[in-house]
Amino acid sequence: EGPRGVLKKAFKHAPIDLKVNGDVVEADMWFGKKLQVSTIKSVLSHIRNMCTGVTKGYRYKMRFAYAHFPVGVSVDEGEIIIRNFLGEKRVRKVSLAGPLKAYRTETSVMKDELVIEGNDISEVSQTAAAVHGATLVKRKDIRKFLDGIYVSTKTTIEA
């Protein structure tokens, strides 16, 4: 729980005892094997990312790369719509995973840029991956056809 909202995640699958002592989260595991003990660091990383998300938030900036046909991207009601990719008539739609904010930057500031913001890093990164995956070039030489939408920067919203 923080100034930007509340994040909840269940770690029932991991055989770990979690305790909160003031500002410190402690994780204990009894008689764990090497692979089971490795889940402790993963769970603590998830908790750290959740704390960062509710205090600062996450921002992914994505740039459009195209050689000839300009990619048209718009954001409408929780959906990112991609048009004219490689000159195709097909309209690609990517829905936002969770309560995210997506918008295009002003052309005067940065041309061809899409920004995705949110509190949960997994939702922000999954949406960015879905946008990138929707613009993968199929059945062509990917060394020549470099068109697509790529993540350019990963930052927090509040510095």
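What you are looking at is a predicted structure, and each value in this text was computed from that prediction instead of being measured.

One finds V73, I80, I82, L114, I116, V131 and I149 to be the most contacted residues of the largest nonpolar core, which totals 21 residues. At the level of elements, β3 (58–65), β5 (79–83), β8 (113–118) and α2 (121–134) are the ones that each hand at least two residues to this core. Considering every element that reaches this core, the biggest residue donor is β3, with 4 residues. Setting aside its immediate chain neighbours within four residues, L114 contacts Y60, K61, M62, F64, V73, V75, I80, Y103 and V131. Residues F11, A14, I16 and I40 belong to the second largest nonpolar core, which totals 8 residues.

Our next topic: the pairing of strand β4 (residues 72–76). In this sheet, β5 lies alongside β4 in antiparallel orientation, the contact comprising 5 bridges. Among the inter-strand pairings, D76 is bridged to a residue of β5, identified as E79. As consecutive antiparallel partners, β4 and β5 are separated by 2 residues, and within that stretch E77 has a phi angle of approximately 45°, a positive value.

Strand order in the open sheet formed by 4 strands is β7-β8-β3-β9, with antiparallel pairing between adjacent strands. Edge positions in the sheet fall to β7 (101–104) and β9 (148–156), since each has one partner strand and no second. With strand direction ignored, the average angle separating the axes of adjacent strands in the sheet is 20°. Looking at chain direction, β7 and β8 are connected through 4 bridges and run antiparallel. The residue bridging A102 from the neighbouring strand is I116, located in β8. Here α2 sits on the sheet and contacts β3, β8 and β9; the angle it forms with β3, its principal contact strand, is near 10°.

A few words on unusual backbone geometry. In this structure, N84 is a non-glycine residue whose phi angle is positive, near 60°. Inspection of the secondary structure assignment puts N84 in the loop between β5 and β6 (92–95). With a phi angle near 55°, L86 is a residue other than glycine that sits in the positive phi range. Among the secondary structure elements, L86 is positioned in the loop between β5 and β6.

Here is what the cut-offs are and how they apply
- Residues numbered from 1 in each chain as written.
- Predicted model: local features only at pLDDT ≥ 70, side-chain atom pairs only at ≥ 80, totals over all residues.
- Heavy atoms only, no water.
- Core = buried A, V, L, I, M, F, W, Y, C linked by side-chain atoms within 4.5 Å.
- Buried < 20%, exposed > 50% of the residue type's maximum accessible area, 1.4 Å probe, protein only.
- Helix = DSSP H or I, 4+ residues; strand = E, 2+ residues; numbered from the N terminus.
- Contact = heavy atoms within 4.5 Å.
- Pairing = 2+ DSSP bridges.
- Axes fitted to C-alpha atoms, helices over the stretch in contact; angles between N-to-C directions.

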